[in-house]
Amino acid sequence: FPYPEISKEELEELNQLVQPVEKFFNEDVDSKKIDHEAVIPPETLNGLKELGLFGIQVPEEYGGLGLSNTMYARLGEITSLDGAIAVTLAAHQAIGLKGILIAGNDAQKAKYLPKLATGEHIAAFCLTEPGSGSDAASIQTRATLTEDGKHFLLNGSKFWISNGGWADIMTVFARTEVVDKDGQKKDKITAFIVERAFGGVTSGKPEDKLGIRGSNTCEITFEDTKVPIENVIGEVGGGFKVAMNILNNGRFSMGSAGAGMIKRLIELTSEYAGTRKQFNRSLSDFGMIQDKFATMALNAFVMESMAYLTAGMMDRPGVPDCSLEAAMVKVFSSEGSWICVSEALQVLGGLGFTKNYPYERYLRDCRILQIFEGTNEILRMYIALTGMQYAGKILTGKIKYTIVDEQLVLKKVADVLINLYAMTAVLSRTSRSISIGLRNHDHENIILCIWCNETCLCGLKLKKHIIFHILYIIVSPLCPAFLKRVEPAKLMLRGSAGPN
Ligand SMILES: Cc1cc2nc3c(=O)[nH]c(=O)nc-3n(C[C@H](O)[C@H](O)[C@H](O)COP(=O)(O)OP(=O)(O)OC[C@H]3O[C@@H](n4cnc5c(N)ncnc54)[C@H](O)[C@@H]3O)c2cc1C
């Protein structure tokens, strides 16, 4: 796992993009007002459009910025500073138009992407229904082929749809009748591009939510909406795979988004901790307050490392499947963000609990991360079961119980895998920093040691020498510098991760 490199040209391009976006978020975005009024003002949306943020990954030939996953993740560090905006942008491009990008044909791309890239048209992703949340395969919305075979008639209701009140273009999943190879009729899920302009589309009132209040979340109902057959994404009956590919593709960026938010919290909070005095001492002198900053720094570093390792792998030619890694980033980052926001709020004591400071908003906003884009419970099942597939084949017939029903065991397996991936990412990144003598590599090394030794090993409850064997195997091909410092035999004797 060599840590991914970004080319000099990409870095220059990225730096040019980052600066105006940062300026816009610092100067023109009023998050308190967005939260209070539960709407993003039109001038803020226009500013986002002018910066190209509605078409970050749409190829340049269709009018987008055409950025890689790595560059998308970097911009996510900034857009996450306002949760409502982050969700609005993600609903539009990470899931809303993604189906057209990854599974659409040339005609669909040419017709829809240019206006979506500029934000002239807004996209939404419509999978969830009142009776179908985590069990996405149980959707009931139906698309029936018309007698002339030219259209599908769409009927049903979609629930919790981000951008649902104002989306012009929707990726909608519905049951369709298909005839399989042996002539049997079956219901299968198909993905459609649906224009609001097709008619029969109504949106409910925006939901009054705990957080990300400025993002628009609505129920959408389709009543005999006439969708041309040309608007099927991929194959008729192939929609479930399209839905899973879209969701699997987007989750990795939660790592950089979480890290961006935590780094901002560290900035905001450190000023207070340095000036507020109790017992004649600054809060920053107290060990338990310092511990909160350490937690934030550790989490931000690990999330970043996981997100950019995954993004870098996804950017490799051949579109490798990184759905497992992306799910691990999502679970880790959503839970880490929640802990860190709570710790930052705690540093301010009572003030942190008031609306005069942004902490309570960050806390409310980041709670959703554990619920949408696949709940963390479902993703833990996915991580454990996917990770076990190879062993599962060997064990089939040899064990008596049904693994899928052993949820508490699966949860533990998922946590082991998430922690191992987190350690891999941090080791890979730090070993690179050490190898090339990057500024602050000593600091990274300290974070690495604390993370692996205290956080992960305690959490894993595995014997230390097993972990170090695994780490040694992971790191040995890529980092002679690490190996010089950490010999597994010594580690086993010392029982410590400290490479000093
Ligand atoms: C603000 C917001 C925005 C959203 N945006 C969109 C969107 O744009 N498009 C879209 O299609 N959907 C969207 N959703 C829907 C979201 O994806 C679902 O809420 C999510 O998938 C969970 O479904 P559910 O709410 O029906 O919960 P349920 O599926 O009913 O689950 C309830 C609880 O039970 C747990 N659970 C369920 N099954 C199992 C199991 N087998 N084992 C263990 N635990 C289980 C879940 O993890 C959860 O904790 C959004 C939701 C919200 C709140």
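Just so you know, these numbers come straight off a predicted model, no measurement behind them.

(A) Focus on the site of the ligand. Inspection of the region around the ligand gives 18 residues, with T128, S134, W160, T375 and E377 positioned closest. Note that a nitrogen atom of the ligand is positioned 2.9 Å from one of the side-chain N or O atoms of S162. Taking Q407, its side chain carries an N or O atom lying 2.9 Å from a nitrogen atom of the ligand. For the ligand, whose free accessible area comes to 980 Å², the fraction covered by protein is 67%. Both domains that meet at the shell around the ligand, namely domain 2 (123-237) and domain 3 (243-476), each give it at least three residues.

(B) Looking closely at the nonpolar core. Of all hydrophobic cores here, the largest spans 87 residues; its most connected members are F25, L48, L53, L75, I85, M306 and W451. When residues of this core are assigned to their parent elements, the largest contribution, 15 residues, is made by helix α10 (residues 287-314). Composition of this core by domain shows at least three residues from each of domain 1 (8-118) and domain 3 (243-476). In terms of nonpolar packing, the next biggest core, distinct from the first, is built from 25 residues, I95, I100, F173 and I233 among them.

(C) Spatial organisation of the pattern of salt bridges. Under the defined criterion, the tally for this structure stands at 20 salt bridges. Close ionic contact of K23 with E27 constitutes a salt bridge, the shortest N to O distance being 3.2 Å. In this pair, K23 and E27 both sit in helix α1 (residues 8-27), 4 residues apart, roughly one turn of the helix. You can call K23 partly exposed: its relative accessible area is 49%. A cluster of three or more residues bridged by salt bridges with shared partners is formed by R74, E77, K263, E304 and R429.

(D) Here's a closer look at the domain arrangement of the chain. Looking at the assigned domains, one finds that the chain contains domain 1 (8-118), domain 2 (123-237) and domain 3 (243-476). Between domain 1 and domain 2, the C-alpha centre-to-centre distance is 24 Å. Counting from both sides, the interface comprises 23 residues of domain 1 and, opposite them, 20 residues of domain 2. Summed over both partners, the interface of domain 1 with domain 2 buries about 1,700 Å², with 64% contributed by carbon and sulfur atoms. Here domain 1 is connected to domain 2 by 1 salt bridge. A salt bridge links E195 to K111; its shortest N-O distance comes to 3.7 Å. Taken together, domain 1 and domain 2 are joined by 8 residue pairs in polar contact (both at pLDDT 80 or more). Residue assignment for the side of domain 1 that touches domain 2 shows that the elements contributing at least two residues are α2 (31-37), α5 (83-96), α6 (98-103) and α7 (106-118). If one sorts the elements of the side of domain 1 that touches domain 2 by residue count, α5 sits on top with 8 residues. When the residues that make up the side of domain 1 that touches domain 2 are grouped by side-chain class, the tally is 14 nonpolar, 7 polar and 2 charged.

What counts, and where the lines are drawn
Residues numbered from 1 in each chain as written. Predicted model: local features only at pLDDT ≥ 70, side-chain atom pairs only at ≥ 80, totals over all residues. Heavy atoms only, no water. Near = heavy atom within 4 Å. Polar contact = N/O pair within 3.5 Å; in protein donor to acceptor, adjacent residues only side chain to side chain. Areas by Shrake-Rupley, 256 points an atom, 1.4 Å probe, with all protein chains shown as cover. Domains from an automatic or database assignment. Core = buried A, V, L, I, M, F, W, Y, C linked by side-chain atoms within 4.5 Å. Buried < 20%, exposed > 50% of the residue type's maximum accessible area, 1.4 Å probe, protein only. Helix = DSSP H or I, 4+ residues; strand = E, 2+ residues; numbered from the N terminus. Salt bridge = Lys/Arg side-chain N within 4 Å of Asp/Glu carboxyl O. Contact = heavy atoms within 4.5 Å. Buried area = accessible area lost by both parts, 1.4 Å probe. Nonpolar A, V, L, I, M, F, W, Y, C, P; charged D, E, K, R; others polar.

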